[in-house]
Every structure is written in C-alpha cells, then in structure tokens.
Amino acid sequence: MSVDREQVRELLRRVSEGTSGVEEALGTLTAGPLAGGDGVLDLGFARLDTHRALRTGDPEVVYGAGKHTEHVLTLLRELAARPGGRGALATRLSDEALDAVAAAFPDTVRADREARCAAVGPAPRPHGARVLVLTAGTTDEPVAREVAFVATEFGCTTELVRDVGVAGLHRLLAVRDRLETADCLVVVAGMDGALPSVVSGLVSAPVVAVPTSVGYGAAFGGLAALLTMLNSCGPGVVVCNIDNGFGAAVAAARMTRRGRAPVRDRDADTARAVPVGS
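The structure presented is a predicted model; accordingly, all values stated were derived computationally and were not measured. One numbering rule holds for all chains: residues counted from 1, following each sequence as written. Reporting of local features is limited, given that this is a predicted model, to residues whose pLDDT is at least 70; pairs of side-chain atoms are given and counted only at 80 or more, and all residues count toward the totals for whole chains, interfaces and linings. Derived side-chain values reflect all non-hydrogen atoms in the structure, with water molecules and hydrogen atoms excluded from consideration.

Draft legend 1. Fine view of the side chain of Thr135. For the purposes of this entry, the term helix denotes a DSSP run of H or I that reaches at least four residues, the term strand denotes a run of E that reaches at least two, and both are numbered from the N terminus. Topologically, Thr135 is positioned in strand 7 (residues 130–135). N or O atoms closer than or at 3.5 Å make up a polar contact, with two conditions inside protein: a donor-capable atom paired with an acceptor-capable one, and, for residues adjacent in sequence, both atoms drawn from side chains. Reaching out from Thr135, the side chain makes a polar contact with the backbone nitrogen of Asp163 at a distance of 2.8 Å. Leaving out residues up to four positions away in the same chain, Thr135 has contacts with Asp140, Ala144, Val161, Arg162, Asp163, Val164, Gly165, Val188 and Leu195. Whether two residues touch is decided by their heavy atoms; if any such pair falls within 4.5 Å, the residues are in contact.

Right under this line is the structure:
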C-alpha cells in the first residue's frame, strides 16, 4: 500500500523487459496498492489513506499536533509496515511523542527535535534534486528545519543557510554562489518578510516563501510577513501558509523531482543534511 507511482512504473518496466514475471508483478501489486481494495485502513480513531503514494508519489504523513501519543505510534507502525520500501513520517510532534517514537523504533528512527519531526523505516532514495533552505534570522530555525527534514524524507538533498536576512544584505550576497547551485530555494522569514523577493531577483530557480510567526505586535503572528510575500514584486515566488514548513518542503520536492531518476541506494546515507537526533 506504500508502493508509489515510481515503484509501479519500475515494476511494469521490468515486466516489459522480461526481467520480472507477470505472476511476480501481480504478487507485488496484490500485496501493495491493490490490497485493501478501497485504499482506506480504518483504525477506529483514523482512516489511513493507503493509496496516497500511488496517486501522488508521496505516502500519507502523520500530523502529530493534537494527537494522542499512542495514536501517533499506531499510525507510524501501520505506515512503516506497508510494502514498498518507504519510511513513515510524522510532523509537529510533542516532546513526549518524540521520545515515544524513539523508544518504539530504536533501530530505524530519524528525528530532529527542533523541527519536531521524526521518520521511521527505510531512508529515502534521493532523486538528485537540491533544495536550499534559507532563514532570515535565527528565530526562523524551527520552521526551516521542518522544511529541511521533510524535503530530505521526500528524496531531496537539502542544505540550510542561516541568518541571511535583509537587515544585513551583505550576508546573503556572501553566499550567492551557493544559491545558484539549488534546483529550488525555500526562504523562511518573519518580521517584514522581504527576503524571498530579494532572493528571487538573484536566482533562476523557483522560490517557495514561508512566513513565520516571528516579530513584534504589528507582525500579527506572521500575517504581516505573509502579506508582504503575497505582494512580492519578485517573479517566481510562491507562498505557503504561516509556519507551514511541511507544505513548503512537499512543494519543493514535487517541483524538483519531475524527470529525475533516484540515485542508487549507496548514496542515500550521504544525502541527509539534517542531523539525526539533534
């Protein structure tokens, strides 16, 4: 059920080339996307979408905020147990939930406490795209780390460039050579939210802007930054919701993976940019 579109395509390619038999392929499909028929696993407290990876290329992700810790663990177990070699990801986890995930999956957990994210199961096969995550200031770090963690779990090679806001524009210009290496840039900023417009004028790659709930009273919890980004005069800027690092990461991954073949498994460990267990 966690078999995604690329894995089905690869399976069909092997059948067409004669390197995989019809019965073998049928067994894989029956155990994977064709199992359960309607694509829903009813757990009582949640109805797990088991066909999402097949439809979109990305498996279901657990949004941890507001969920009981035991429910988070159950969802991760079900997702991790599905065939297809994909890990299971949870975001916005409490400290209690992060500790529980680490205890329940000690051998396969990858976690970032500041990002409030954890993943269990196989590490992703990188598809070769490079996503650069920039922060305007150090208080944007938690959202930026959520971006980096999720984008990495979705197959991107990620790098964080910290504290390059417009109050000291020379800091951004000092790393311009790194900006030009990215296939997509995610710019995370609160306060005035001006950084994405500046970045978009320096690069040819798409820019995903994420406003953060950082700033004094008139920042209105990130609304001021959001409105600035929505009114950007910079071409190629798309905007996510306030503090929505997850949405920005998925957008960047989908923008950049089209037409890219996954890198071989031996490269998977070197592709991670987010420290594990930090």
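Draft legend 2. Inspection of the nonpolar core at higher detail. To form a nonpolar core, buried Ala, Val, Leu, Ile, Met, Phe, Trp, Tyr and Cys residues must be joined to one another through side-chain atoms within 4.5 Å. When a residue's accessible area, from a 1.4 Å probe over protein chains only, is under 20% of the maximum for its type it is buried; when over 50% it is exposed; and in between it is partly exposed. Counting 28 residues, the largest nonpolar core has Val133, Val186 and Val188 as the members making the most contacts within it. Contributions of two or more residues to this core are made by strand 6 (117–120), strand 7, helix 6 (141–153), strand 9 (184–189), strand 10 (207–211) and helix 11 (245–257). When residues in this core are grouped by element, the largest group, seven residues, is from helix 6. Those residues within four positions of Val188 in sequence are excluded, and the remaining contacts are Val133, Leu134, Thr135, Ala136, Asp140, Val143, Ala144, Val147, Val210 and Thr212. Formed by 21 residues, the second largest nonpolar core is a distinct cluster that contains Leu185, Ala189, Leu195 and Val207.

Draft legend 3. The arrangement of the sheet that holds strand 3 (residues 62–63) in detail. Strand pairing is defined by DSSP finding a minimum of two bridges between the two strands. Across the sheet, which stays open at both edges, the four strands sit in the order 3-4-6-5 with mixed pairing between neighbours. Lying at the two open borders of the sheet, with one neighbouring strand each, are strand 3 and strand 5 (110–112). Sheet topology places strand 5 next to strand 6; three bridges connect them, and they run antiparallel. Within strand 6, the residue paired with Ala111 across the bridge is Ala118. To get an axis, fit a line to the C-alpha atoms, keeping to the stretch in contact for a helix; angles then go from 0 to 180 degrees between the N-to-C directions. The sheet strands contacting helix 4 (residues 69–81) are strand 3, strand 4 (88–91) and strand 6, and the helix crosses strand 4 at an angle near 150°.

Draft legend 4. Focus on the sheet that holds strand 10. Ordered in space as 8-7-9-10-11, the five strands form an open sheet in which the pairing is parallel. Taken across any chain shown, the strands that pair with only one partner, and hence form the sheet edges, are strand 8 (157–161) and strand 11 (237–239). Ignoring strand direction, the axes of neighbouring strands in this sheet form an average angle of 25°. Here strand 10 pairs with strand 11 via three bridges, running parallel. From the neighbouring strand, Val208 faces strand 11, where its bridge partner is Val238. On top of the sheet, helix 6 reaches strand 7, strand 8, strand 9 and strand 10; it is set at about 165° to strand 8, its chief contact. Against the sheet, helix 10 (residues 223–230) contacts strand 9, strand 10 and strand 11, and its axis sits at roughly 155° relative to strand 10.

This is a description of form; function is not addressed.
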